[in-house]
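Analysis of the macromolecular model
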Amino acid sequence: MELSHPELLGLIPADHYWREDVLAQEMERVFAPSWLCIGFSEDLKNHQDFVTAQFGPHSIVVQNFDGELKAFRNVCSHRFARIQNEPCGNRVLQCPYHGWTYGADGRLIGVPLNKQSFDLNDADKTRLGLHTYAVETVGHFVFVRMSANGPDLRGFLGGIYDDLAHVSKVCPDRFERAAYDWAANWKLGMDNAAEGYHVPLVHADSFGLILSIDLKISHDQAHTRYTGNLKERSLNWWRQVGKAVDLQPSELYPEYGNFLIFPNIVVTFSYGAFLTFQWFEPTGPETLRIHTTSWLAKNNGRAARGMVIDSLKAFSEQVRNEDRDICAIAQKGTRGMDGERRMVLGALEGRIAHFQKAYAARMGL
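This text gives an overview of the structure that appears in the document. Everything quoted here is computed from the prediction, not taken from an experiment.

1. Observations regarding the nonpolar core
- Core analysis: the largest hydrophobic core is formed by 89 residues, its most contacted members being Leu164, Trp186, Trp238 and Phe277.
- With residues up to four places along the chain from it excluded, the contact list for Trp238 reads Leu230, Leu247, Ser270, Tyr271, Ala273, Phe274, Leu296 and Leu312.
- Grouped together as the second largest cluster of nonpolar side chains are 15 residues, Leu93, Cys95, Val111 and Leu120 included.

In structure tokens:
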């Protein structure tokens, strides 16, 4: 296709939103080299606390060993059973199938009936240790990098690292954690989160009532930010909330901030007081699971807090469901388009273009 402004064409072909082989390539070229959030420091405070996450075929566990976090492939070396099987919890790093147990360095330290069945020596136990991954934290967020080589977390995130530290400090009151399944490719979820162009139509009775789409875009390596202004009705509501629960909001992002962290994280920050962190887990070439967690700024914890949280949950659910439905419609459309056709991306969709540039570089497009 030729346009008078060829720069408007995106970089990702339509068939990359549904091809199984593309998803397999993404796991190795996009996800493995990236720092991926798999959980939260609040869930890893105690010895033997753990969190798990799934990215394609890769099951990952992060576990607390006497205050030190370690990350491993969450698969037993014996007969390949998953070791930890809940999103978070507290238990020894022990396979539930036959009881093989692993230590803080991933080394095999316990084998029931070893003498009778295997006669493994110390060298064998070392060789049968779990595959390790790099793990780092910033604020609430625990990140893992599967690839052996690459930048540290701060180097990967750039200035977003300080943003995550800041919003974590401002918003300590976690009140929601949930996961939802969408009928859309993970990239469509990121495309949707990257732009405000759809807000007046898709979110006419929700987000469109509170946020101006005159948003300022800035880039930070592969990541991007939106900053913008809330409409007066939203500001008035937040002012009343601030008085009712004695909110202590951020002064750095007083109205609206949105951070898109490559490849699969979306952070929204409203009135410097309401933090939502979402990551998109690809569950198939045309499906995703959105993991969402929310925090509120420091407050007095009185009865009005519950009403505020109920209101925020209801609003978030409405917006999320509107996005879910429109992404499913877009996903169906990708099947009907010529495989090599690219999207048309205007100025208001500049963050999608930036995301696609980073994606294309990783995928060799």
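Next comes the rest of the write-up.
2. Overview of the sheet that holds strand 9 (residues 132–138)
- If you trace the 7 strands from one edge of the open sheet to the other, you get 2-10-9-5-4-3-6, paired in antiparallel fashion. This sheet does not close on itself; its edge strands, each paired only once, are strand 2 (35–40) and strand 6 (88–90). For this sheet, the mean angle separating the axes of adjacent strands, direction not counted, is 30 degrees.
- As defined by bridge partners, strand 3 (residues 49–55) adjoins strand 4 (residues 58–65) across 6 bridges and the pair is classed as antiparallel. If you follow Ala53 over to strand 4, its bridge partner there is Ile60.
- Of the strands in this sheet, strand 9 and strand 10 (141–145) touch helix 5 (residues 160–170), which is tilted by about 60 degrees from strand 9.

3. Observations concerning the pattern of salt bridges
- The full count for this structure, using the stated rule, is 18 salt bridges.
- Between Arg225 and Asp163 there is a salt bridge whose closest N-O contact spans 2.8 Å. One end of the pair, Arg225, is in strand 13 (residues 223–228); the other, Asp163, is in helix 5, and 62 residues separate them in sequence.
- Classification of Arg225 by relative accessible area gives buried; the value is 13%.
- A salt bridge links Asp173 to Arg305; the nearest nitrogen and oxygen atoms lie 2.7 Å apart. Of the two residues, Asp173 is situated in strand 11 (residues 173–182) and Arg305 in helix 9 (residues 304–335); the sequence distance between them amounts to 132 residues.
- Owing to a relative accessible area of 23%, Arg305 belongs among the partly exposed residues under this scheme.
- Salt bridges linked by common partners bring Asp15, Arg19 and Asp21 together as one network.

4. What about the sheet that holds strand 13?
- Taking strand neighbours across the sheet as the criterion, the 7 strands line up as 11-17-16-15-14-13-12 in an open arrangement whose pairing is antiparallel. At either end of the open sheet lies a strand with only one pairing partner, and these are strand 11 and strand 12 (216–220). Pairs of neighbouring strands in the sheet enclose a mean axial angle of 15 degrees, with direction left out of account.
- With 10 bridges joining them, strand 16 (residues 274–284) and strand 17 (residues 287–296) adopt antiparallel strand pairing. Paired with Glu281 across the two strands is Arg289, which belongs to strand 17.
- Of the strands in this sheet, strand 12, strand 13 and strand 14 (256–261) touch helix 10 (residues 350–363), which is tilted by about 170 degrees from strand 13.

5. Notes on a nonpolar patch on the surface
- A cluster of nonpolar side chains, contributed by Met1, Leu3 and Val344, occupies part of the molecular surface with about 270 Å² of accessible area.
- With respect to the helices and strands, Val344 occurs in strand 18 (residues 342–344).
- A relative accessible area of 40% places Val344 in the partly exposed class.

Cut-off values and rules
- Each chain carries its own residue numbering, running from 1 in the written order of its sequence.
- With the structure being a predicted model, the display of local features is reserved for residues of pLDDT at least 70 and the display and counting of side-chain atom pairs for 80 or more, all residues being used for whole-chain, interface and lining totals.
- Water and hydrogen atoms play no part in the side-chain values, which are based on all heavy atoms of the structure.
- Definition of nonpolar core: a set of buried residues of the types Ala, Val, Leu, Ile, Met, Phe, Trp, Tyr and Cys, connected through side-chain atoms within 4.5 Å.
- When accessible area is computed with a 1.4 Å probe and restricted to protein chains, residues below 20% of their type maximum are described as buried, those above 50% as exposed, and intermediate ones as partly exposed.
- By definition, residues are in contact when any of their heavy atoms lie within 4.5 Å.
- Paired strands, in this sense, are two strands between which DSSP finds at least two bridges.
- Each helix corresponds to a stretch of at least 4 residues labelled H or I by DSSP, and each strand to a stretch of at least 2 residues labelled E; elements are numbered beginning at the N terminus.
- Only the contacting stretch of a helix is used when fitting its axis, a line to C-alpha atoms as for every element, and angles between N-to-C directions run 0 to 180 degrees.
- A pair is scored as a salt bridge if a Lys or Arg side-chain nitrogen falls within 4 Å of a carboxyl oxygen belonging to Asp or Glu.
- Patches here: salt-bridge-free residues with over 30% relative accessible area, like charges joined within 9 Å, nonpolar side chains (Val, Leu, Ile, Met, Phe, Trp, Tyr) joined within 5 Å.
- Here the accessible surface of atoms and residues is derived via Shrake-Rupley with a 1.4 Å probe, and residues count as covered only by protein chains that are part of the display.

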